[in-house]
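As a plain string of letters, each chain reads:
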Amino acid sequence: MDSPAVSSPPTARDVINADAIRAAIVRRSQQRRDHADIARWLRSHFFRWVVNSFAQVLPVRSEDHWRVCMSAQPPAPWFLRKLAQGDAGMIYIDPEHHLLREHELRMVEFFAARLHTRLAGKFHRIAFAAADAAWRRDHERMQRRSRRGWWPSQPHALADIAATPNGRFVELRASGQTLRAELAYESFHMQHCLGQFAQRERLEGGYGEHYARSCEQGRIRLFSLRDEHNRPHVTVSLALELGEWSLEQIKGKQNTVPAAKYLADVRILLDRLRPHDGGCGDLLLLGLVAASGDGAAGYVAFGELANVARQRALLAAYPHLLGHHPAPGPLEQWLGLGADAAVVGQVAAPHGPVVAAALAMRRAGAAGADGELAAYAAAQSELYETALKQVFPQWLAASFAPANAPRGGGWLARLLGQGAPAQTAQTHRRWALAVSDPLLFRIGLVGHDTRLAAPAGIPQRIRTQVESELGFARDGAEAAVRNFCAGFFRVPGFSDPNLLETTGSPGPAAPDADPVRDLLAWHAMRQGYLLRLLAAWGLIDDAQGWPLSLLNAQRVQDGFADWRAFGAAAGRGHATQLRWSGEAHSARATEVAIADYLDQYDCAWTRLSWSGFDLRAAIAAGSDRPGSMVAV
C-alpha cells in the first residue's frame, strides 16, 4: 500500500479539557500495550483530530458551563479572558465518548496491520483523514473479498464457553496457523476485519496479523456465537487492562450492532465471563448495561434494570435507549425528548403531548432554516404532524371530534374538537402558569390572571441576566428566542458528565435519589418562568408561547403526583445543578423560595387541584379566536 498523502490540519478549536483528552488517549494506549510508533501517532495526530474535528462537543459559554464540565477545577485565567472578550467558541469533549473510542480502536487496528510493511517507521507522516479513509477502503475491499473464498473452520481451535438460545458461544484458543485459519473463517462469515490477512494464502499481515498476535500474546480474548451449523453471528472481544478483562467490542455482521434476537445470547456470555465494563459503546447500543455501576456484577437488559433512577439516568445520557424500553410511559417519553430522542419511530405507543412538543420544537427550529436544511425540517415536521394526528385521538379518547374541529387557530386547535366553556379553559391555563409561580414570587411578581406575560415590574437585572443566558449578544434577539423555542423541552442537565456518576450505584445515603426526574422538574419550572418573561418583553406572542406553556404543564402533570412533590423535585434539581457547577453555597435557594411561596395564604398551588389540568380544555380557550393559537 502506498503511503497516504499528508494533509494540513484544520483550524484549531478552543477545547477547555485538551490536556485531559491527551491523558486519556495515552492511558488507554498504555493499557493496550500499543507499539511505540502507534502510541506516538495517537498522542499526536489522533489527538489533533479529536481537538480539531471530533463532532460530539458541548459548548462552554459561561463560568457555569465550565464548572459543569470541569467539576471542581476552577476556571482557568485564559478561559476568563476569552469570556471577557466575548469569545463564545469554546467547547468541551468527553475523553471517554464511545464514538471517540471507536475511532481510536479503528486507528490502532489500521496501524497494527502495517507494523510489518514498508510503512513501518513512517506512521508520523500519515494524517488522520488519510488513515481513516484508508481504513474504510480496506474494509470495503474486505467485504468484496469475503465473497470470493473462505478458509474452513478449525474445530480444535474452539473451546465451548456457554450454550445459548441461538447456539453456543465458543472461544478461539489456538495459536499459529490454526488460530489464523479460524480468524479467517470468522471474518468470511461476519464480513469484518478480525481475520483479514494481507497475504491471504499464507494468512499473514494485515488486520488478521494484529488480532492473531494480540490473541497469542494474551492481550485479547475472542469469542464467537455459532449456530448449529457452526456459522458465526456475533463476535465479542475482551482486552486486558491493568490486570482485568474488559469488554472491548461486541459486533454483528459488517461491524454493526448485533441483531436484537442475539441479546439474550450475549447476556449469557457476559454473565459467564463477568468482564469489567470499560466503557464499551457496543454494549449500550445493544441495550445492555452493567447491573451495578462498577461493571463487575453482571449485565442486564436496559428495560429490566431494577434501579429506576439509574435507568432514567442512562436514558437521559443515551437517548437511543428509549427504543429498548419495553413500555415507556409518559414520563420516560418526556425524559427521552429532553435528551433529544426521536420518540416517533422509537416508541410503539407514543404519548400525544410528547409528539406535539417535538413538533412544536421542530417547527420553531425550521423558522430560521433555509435551503436543504429547510426542506429537511419541513419533511420532519410533516412526519411528526402525521404521527400527532394518529396519537391524539387515542390520547383524548371520546373527546376528540375531528369532524367538528375548527379550521382556524393553529395546529393544536385544529386537531381538537370544541372544548369546555371559556371560564373552565381559563382555569386550566392558570394551572399552566402556576408551574413557574415560585420563581416569579422570588422576584416579587405574583399575579392571578391568565395572561401568558409575567406581571409588570420585572427588575432590569433580571432582563440582563436572561439575555446573557439565552445568548442575545451572540445570536441577536430574534435568533436567540427562536433557539429557545426550538430547544424548549431539551434538558441541558441531561448531558452533564456528573449525571451517571450520581446514579452509578444506589448508595445508602440517598436510596430514593432520582436526579434525572429532579432536573426535569427544575427545567420545567425554569422554562415556564423564562417563557413568561419573554412574553412580558414582547419577544414571544401568545400564539407562539401558549402551546409551549400548556405542553410544559402536561409534562409536569405526567411526571409528578402533586404540587408539593413537583416543587420538592424542582428544588432538588436546581440544587443538583448548582453543586455540579461548583455553587453549592446557593444550593438551597430554590427550595427556600418554594417553601416561602407555599406559605402564602393565596398560593395558587393550594387553590388549584393537581388533577384539574386538562390540555384539551386549556387549548379550547383560544380555539374560537382567529389567530390565537397559530402554528408554532
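Fair warning: this is a prediction, and the values are worked out from it, not measured in the lab.

Enquirer: Which residues make up the overall build of the protein chain, and what values go with them?
Expert: Of regular secondary structure, the protein chain possesses 27 helices and ten strands. When burial is assessed residue by residue, the protein chain has 54% of its 632 residues classed as buried. Across the protein chain, contacts joining residues at least 24 apart in sequence account for 68% of those joining residues at least 6 apart.

Enquirer: Let's hear about the environment of R532: which residues, and what values?
Expert: By secondary structure assignment, the location of R532 is in helix α22 (residues 515-536). Between the C-alpha atom of R532 and that of L440, which follows or precedes it by 92 residues, the distance is 9.3 Å. Residues in contact with R532, not counting those within four places in the same chain, are L433, S436, D437, L440, R451, L452, A453, A454 and P455.

Enquirer: Describe the sheet that holds strand β8 (residues 244-251), listing the residues and the values that go with them.
Expert: Spatially, five strands are ordered β4-β5-β6-β7-β8 in an open sheet, and the strand pairing comes out antiparallel. On the outer flanks of this sheet lie β4 (158-164) and β8, each paired with one strand and no other. Taking the axes of each pair of neighbouring strands and ignoring which way they run, one obtains an average angle of 25° across the sheet. Two elements, β4 and strand β5 (residues 167-172), share six bridges in a ladder whose sense is antiparallel.

Enquirer: Go over helix α5 (residues 98-112), please, and point to the residues and values.
Expert: The end-to-end C-alpha distance of α5, which contains 15 residues, comes to 21 Å, matching closely the 21 Å that a straight helix rising 1.5 Å per residue would cover. Among the 15 residues of α5, eleven are classified as buried, and the element is accordingly described as predominantly covered. For α5, every residue scored as buried is listed here: L100, R101, H103, E104, R106, M107, V108, E109, F110, F111 and A112.

Enquirer: Account for the nonpolar core, naming residues and giving values.
Expert: By size, the foremost hydrophobic cluster in this structure holds 98 residues, and its most contacted members are F566 and W605. Counting residues per element, this core draws most heavily on α22, which supplies 13 residues. Not counting residues within four places of it along the chain, the set of residues in contact with W605 comprises A434, V435, P438, M525, W563, F566, G567, I594, Y597 and L598. Formed by 49 residues, the second largest nonpolar core is a distinct cluster that contains I25, F123, L158 and C193.

Enquirer: Give a detailed account of the packing of α5 against helix α8 (residues 206-216), specifying residues and quantitative values.
Expert: Describing two packed helices takes the angle between their axes plus the distance from one axis to the other. At a minimum axis separation of 7 Å, α5 and α8 run at an interaxial angle of 100°. Relative to α8, the element α5 is oriented roughly perpendicular. Counted together, V108, E109, F110 and A112 of α5 and Y207, H210 and Y211 of α8 form the full contact between these two elements. Taken together, the residues of the contact of α5 with α8 break down into five nonpolar, one polar and one charged.

Enquirer: Can you explain the environment of P353? Please cite residues and give values.
Expert: Mapped onto the elements, P353 comes out in helix α13 (residues 352-366). With relative accessibility at 0%, the residue P353 sits in the buried group. Put simply, P353 and L388 are 35 residues apart on the chain and 8.4 Å apart in space, counted from C-alpha to C-alpha.

Enquirer: Please give an account of the pattern of salt bridges that cites residues and values.
Expert: In total, this model carries 31 salt bridges according to the counting rule given. Of the charged contacts in the structure, one is a salt bridge between E104 and R32, with a shortest N-O distance of 2.9 Å. With E104 in helix α5 and R32 in helix α1 (residues 18-32), this pair connects stretches of sequence that are 72 residues apart. Neither residue differs from the other here; E104 and R32 are each classed as buried. Two residues, R101 and E96, come together in a salt bridge whose shortest N-O distance is 2.8 Å. With a relative accessible area of 31%, E96 lands in the partly exposed category. A network of salt bridges, in which partner residues are shared, links R27, R28, R32, D34, E96, R101 and E104.

Enquirer: So what's going on with unusual backbone geometry? Which residues, and what values?
Expert: The phi angle at Q191 is positive, at roughly 60°, despite the residue not being glycine. The residue Q191 is located in the loop between α7 (176-190) and α8 in this model.

Enquirer: Describe the side chain of K251, naming the residues involved and giving the relevant values.
Expert: Looking at where K251 falls in the secondary structure, it is placed in strand β8. The class for K251 is buried, based on a relative accessible area of 9%. At 3.3 Å, the side chain of K251 and the side chain of D282 are in polar contact. Contacts of K251, omitting those with residues within four sequence positions, involve M190, H233, V234, T235, T256, P258 and D282.

Enquirer: Can you lay out the pairing of strand β6 (residues 220-226) for me, pointing to particular residues and giving the numbers?
Expert: Looking along a regular strand, one sees side chains alternate from face to face of the sheet. In terms of residue burial, β6 counts as a mostly covered element, since six of its seven residues are buried. Relative to β6, β5 is paired through four bridges, and the arrangement is antiparallel. Its bridge partner being in β6, V170 is matched across the sheet by S224. Pairing of β6 with strand β7 (residues 232-241) involves seven bridges; the strand directions are antiparallel. By the bridge assignment, L225 is partnered in β7 with V234.

Enquirer: Tell me about the sheet that holds strand β3 (residues 90-92), residues and numbers included.
Expert: Across the sheet, which stays open at both edges, the three strands sit in the order β1-β3-β2 with mixed pairing between neighbours. At either end of the open sheet lies a strand with only one pairing partner, and these are β1 (14-15) and β2 (58-59). One ladder, built from two bridges, connects β1 with β3; its direction is parallel. Within β3, the position partnered with V15 by the bridge is I91.

Parameters at a glance
- Residues numbered from 1 in each chain as written.
- Predicted model: local features only at pLDDT ≥ 70, side-chain atom pairs only at ≥ 80, totals over all residues.
- Heavy atoms only, no water.
- Helix = DSSP H or I, 4+ residues; strand = E, 2+ residues; numbered from the N terminus.
- Buried < 20%, exposed > 50% of the residue type's maximum accessible area, 1.4 Å probe, protein only.
- Contact = heavy atoms within 4.5 Å.
- Pairing = 2+ DSSP bridges.
- Axes fitted to C-alpha atoms, helices over the stretch in contact; angles between N-to-C directions.
- Expected span 1.5 Å × (residues − 1).
- Core = buried A, V, L, I, M, F, W, Y, C linked by side-chain atoms within 4.5 Å.
- Parallel < 35°, antiparallel > 145°, perpendicular 65-115°, else oblique.
- Nonpolar A, V, L, I, M, F, W, Y, C, P; charged D, E, K, R; others polar.
- Salt bridge = Lys/Arg side-chain N within 4 Å of Asp/Glu carboxyl O.
- Polar contact = N/O pair within 3.5 Å; in protein donor to acceptor, adjacent residues only side chain to side chain.

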